[in-house]
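# Summary of the model geometry
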Amino acid sequence: MQISEKQLLQVNDRIKALEKAGSFYGKKLKDAGVSEVKTVDDFLSLPFSEKNDLREAYPLGLMTAPEDQIVRIHSSSGTTGLPVIIPYTAKDVEDWATMFARCYEFAGITNKDRIHITPGYGLWTAGIGFQAGCEKLGAMAIPMGPGNTDKQLQMMMDMKSTVLCATSSYALLLAEEIEKRGIKDKICLKKGVIGSERWGEKMRQRIKTELGIELYDIYGLTEIYGPGIGINCKYDTGMHYWDDFIYLEIIDPETLKPVPDGEWGEIVITTLVKEGAPLIRYRTHDLSRIIPGECPCGSKFPRIDVIQGRTDDMMKIKGVNVFPKQIEEVLKTFPELSSEYQIRISHLDGRDTMRIYVETTGEYDFDALGKKIAESVKSKIGFTPIVKVVELGLLPRSEKKTKRVIDERYE
Ligand code: ZN
């Protein structure tokens, strides 16, 4: 997906603003001797930006518009080191709501819907993004925030919520509770907008069938507005993204060169009109690909595939590059298993070991099943893991993000 003339002009405008503000990227450009991009090649020679650059700018070093124009900040959760602070102007907040409302529209949601919002409100971008988009669309927001499952379900029934916004693990938890309590006939949900987490097809199917709803994956990251920069349409052929607000490239994370449309690589995003904290060629470390051709829905907005994980999820075990998605693909082929799994990697007696925990019901022979799975995984990744089969319900489920891979080698 080559950058267009119009997008180049927009990038130029952002470059000027960054230089004027003297932010980290303005300095990078100065060092690289760049002050203007005229051609596609010029654009491709622009330096990348990284999460670390953003951390180093803490607290307000990313601010590119004058302070009297900044109306809000958000912050990405810093699990390691300093958090990243992103300043927004009124136009940025407005643009984000416009994109988010478009996401709802692509999911067929209208101003007659009642949108039950369970992601958290506060410094991070989730809850407030879902809310602003909902209000822009003119639908009714039910701003629940996370937790308190009893109250969630009561409100869902009383308010007759038609759309559920949640992480995939929380949607699954709610689906299981609804099933357990036998209240499915009192639930009016028709659609789910699910974000902020990688999820397998199996989990998706379970949420879909248990709740009897259509599911939509929403994409986004705090550094680039927040959730709402892309979503799948009802044809479910990948996620459309909004190329009037962002330019998206896929690069090979090793060579840093763009890959042809259709090939997998890392998503790199340039914001085209952002004022508070514009980003040029920001490396997301999310893995996806551009889907070539046009969607059956007829929309001209380009598409990326479902996020397949992160470049830093790549694990080197026994000298082999392993990717959690590969394991998930294998587990998916076993109908005996639930959608939950956990991978633990440890280093014992000078050797790496990988243990995979999976769940099933008592009607299967755990040992025999474990062996079958271990063989299948070996044929996919080249070495044999230790597979532990446990009773259904024993693996952790959480309201926030479920951690599926635990690397104990560096703890
Ligand atoms: Zn479409």
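Before reading on, note that the structure itself is shown above.
So, a few notes on the structure that sits alongside this text.

So, how was this worked out
- For every chain, the first residue of the written sequence is number 1, and numbering continues from 1 onward in sequence order.
- In keeping with the model being predicted, local features are shown solely for residues with a pLDDT of at least 70 and side-chain atom pairs are shown and tallied solely at 80 or more, while totals for entire chains, interfaces and linings include all residues.
- Hydrogen atoms and water are omitted, and side-chain values are computed over all heavy atoms in the structure.
- Only DSSP runs of H or I covering at least 4 residues are called helices, and only runs of E covering at least 2 are called strands; the numbering of each starts at the N terminus.
- Note on method: radius of gyration uses C-alpha positions; expected globular size equals 2.2 Å times residues raised to 0.38.
- Residues are treated as being in contact if the distance between any of their heavy atoms lies within 4.5 Å.
- Areas reported here follow the Shrake-Rupley algorithm with a probe of radius 1.4 Å; residue values treat only the protein chains shown as occluding.
- Sites may look incomplete because water is not among the atoms; the donors themselves are N, O and S atoms within 2.8 Å of the metal, or within 3.2 Å for Na, K and Ca.
- For a four-donor site, all angles between 85 and 135 degrees give tetrahedral; for four or six donors, opposite pairs above 155 degrees with the remaining angles between 65 and 115 give square planar or octahedral; all remaining cases count as irregular.
- Under the scheme applied here, a residue whose accessible area is under 20% of the maximum for its type counts as buried, over 50% as exposed, and between as partly exposed, the area being computed with a 1.4 Å probe on protein chains only.
- Only rings of Phe, Tyr and Trp enter the pairing, Trp through its six-membered ring, and a pair is recorded when the two centres are within 6.5 Å. The plane angle decides the type: under 30 degrees is stacked, over 60 is edge-to-face, the rest tilted.
- By arc we mean the arc of the directions from the helix axis to the C-beta atoms, nothing more.
- As used in this structure description, the phrase polar contact means that two N or O atoms lie within 3.5 Å; if the pair is within protein, one of them must be able to donate a hydrogen and the other to accept it, and residues adjacent in sequence are counted only when both atoms belong to side chains.
- The criterion for strand pairing is that DSSP finds at least two bridges linking the strands in question.
- Axis definition: a line fitted to C-alpha atoms, over the contacting stretch in the case of helices. Angles run 0 to 180 degrees between N-to-C directions.
- Each nonpolar core is a collection of buried residues, namely Ala, Val, Leu, Ile, Met, Phe, Trp, Tyr and Cys, held together in the definition by side-chain atoms within 4.5 Å.
- One speaks of a salt bridge when a side-chain nitrogen belonging to Lys or Arg is within 4 Å of a carboxyl oxygen belonging to Asp or Glu.
- In a left-handed crossing the near helix is turned counterclockwise from the far helix by less than a right angle, and in a right-handed crossing that turn is clockwise.
- Classification used: nonpolar for Ala, Val, Leu, Ile, Met, Phe, Trp, Tyr, Cys and Pro, charged for Asp, Glu, Lys and Arg, polar for all others including Gly.

### A word on the overall build of the protein
Secondary structure summary: the protein contains eleven helices and 20 strands in total. Since a compact globule built from 411 residues should have a radius of gyration of about 22 Å, the 22 Å found for the protein is in line with a globular shape. Dimensions along the principal axes, computed over C-alpha positions, put the protein at roughly 65 × 55 × 40 Å. For the protein, restricting intrachain contacts to residue pairs at least 6 apart in sequence, the fraction spanning at least 24 positions comes to 65%. Put simply, the protein shows about 18,500 Å² of open surface, and 52% of that area lies on carbon and sulfur atoms.

### Notes on the coordination of the zinc ion
Octahedral metals with six donors have ideal donor angles of 90 or 180 degrees. Tetrahedral metals with four donors have an ideal donor angle of 109.5 degrees. Protein coordination at the zinc ion comes from Cys 233 (SG), His 240 (NE2), Cys 295 (SG) and Cys 297 (SG), with a distance range of 2.1 to 2.4 Å. In this structure, the zinc ion is coordinated by four donor atoms arranged in tetrahedral fashion, with angles at the metal of 104 to 117°. Taken in chain order, the donor set of the zinc ion reads C-x6-H-x54-C-x1-C. According to the relative accessible area criterion, Cys 295 is buried, its value standing at 4%.

### Regarding the packing of aromatic side chains
Applying the stated rule across the entire model yields eight aromatic pairs. Ring geometry for Phe 24 and Tyr 25: centres 6.1 Å apart, planes at 85°, overall edge-to-face. Grouping residues by exposure puts Phe 24 and Tyr 25 together as buried. Their ring planes at 45° and their centres at 5.2 Å tell us that Phe 100 and Tyr 104 sit as a pair that is tilted. In this pair, Phe 100 and Tyr 104 both sit in helix H5 (residues 90–106), four residues apart, roughly one turn of the helix. Each of the two residues, Phe 100 as well as Tyr 104, counts as buried.

### Re helix H7 (residues 149–158)
Buried residues of H7: Thr 149, Gln 152, Leu 153, Met 156 and Met 157, and no others. Angular distribution of buried residues about the axis of H7 spans 125°; they occupy a single face of the element. Buried residues in H7 make contact with strand E3 (114–117), strand E5 (163–166) and helix H8 (168–181). In the stretch just after H7, Lys 160 is the one whose phi turns positive, near 50°.

### Topic: the environment of Thr 311
Note that Thr 311 resides in the loop between strand E14 (303–304) and strand E15 (315–317). Sequence-wise, Thr 311 and Thr 284 are 27 residues apart; in three dimensions their C-alpha atoms are separated by 8.9 Å. Within the structure, the side chain of Thr 311 is placed 2.6 Å from the side chain of His 285, a separation counted as a polar contact.

### Describing the sheet that holds strand E19 (residues 386–391)
The strand order across the open sheet built from four strands is E19-E18-E17-E20, with neighbouring strands paired in mixed fashion. Edge strands, defined here as strands with exactly one partner in the open sheet, are E19 and strand E20 (405–407). Ignoring which end each strand starts from, the neighbouring axes of this sheet average 20° apart. Pairing between strand E17 (residues 341–348) and E20: three bridges, direction parallel. Note on E20: the bridge partner recorded for Ile 345 is Asp 407. Along the sheet face, helix H10 (residues 324–332) touches E17, strand E18 (351–360) and E20 and points at about 40° away from the line of E18. Of the strands in this sheet, E18 and E19 are in contact with helix H11 (residues 366–381), which crosses E19 at around 140°.

### Concerning the environment of Ile 250
Tracing the chain through its elements places Ile 250 in strand E10 (residues 246–251). On the accessibility criterion, Ile 250 (5% relative accessible area) is buried. Ile 250 sits 67 residues away from Ile 183 along the chain, and the two C-alpha atoms are 44 Å apart. Residues within four places of Ile 250 in sequence aside, it is in contact with Lys 257, Pro 258, Val 259, Glu 263, Trp 264, Gly 265, Glu 266, Ile 267, Ser 288, Arg 289 and Ile 290.

### As for the nonpolar core
Within the largest apolar cluster, 67 residues are counted, with the highest numbers of intra-cluster contacts made by Leu 46 and Tyr 104. For this core, the element with the most residues is H5, which contributes eight residues. In contact with Leu 46, not counting residues within four places along its chain, are Val 11, Ile 15, Tyr 25, Leu 29, Val 34, Val 37, Ile 280 and Arg 281. Ranked by size, the runner-up nonpolar core spans 22 residues in total, among them Val 330, Leu 369, Ile 373 and Ile 381.

### A short note on the pattern of salt bridges
The final tally for this structure, using the stated rule, is 28 salt bridges. The residue Arg 206 makes a salt bridge to Glu 176 at a minimum N-O spacing of 2.3 Å. Of this pair, Arg 206 sits in helix H9 (residues 201–211) while Glu 176 sits in helix H8, and the two are 30 residues apart along the sequence. The two residues Arg 206 and Glu 176 agree in class, both being buried.

### Details of the packing of H8 against H9
Running from amino to carboxyl end, H8 crosses H9 at an angle of 35°, the nearest separation of the two axes being 9 Å. When you trace H8 past H9, the crossing you get is left-handed. Within the contact between the two elements, H8 uses Ser 168, Ser 169, Ala 171, Leu 172, Ala 175, Glu 176, Ile 178 and Glu 179 and H9 uses Met 203, Arg 206, Ile 207, Glu 210 and Leu 211. For the contact of H8 with H9, the class distribution of residues is seven nonpolar, two polar and four charged.

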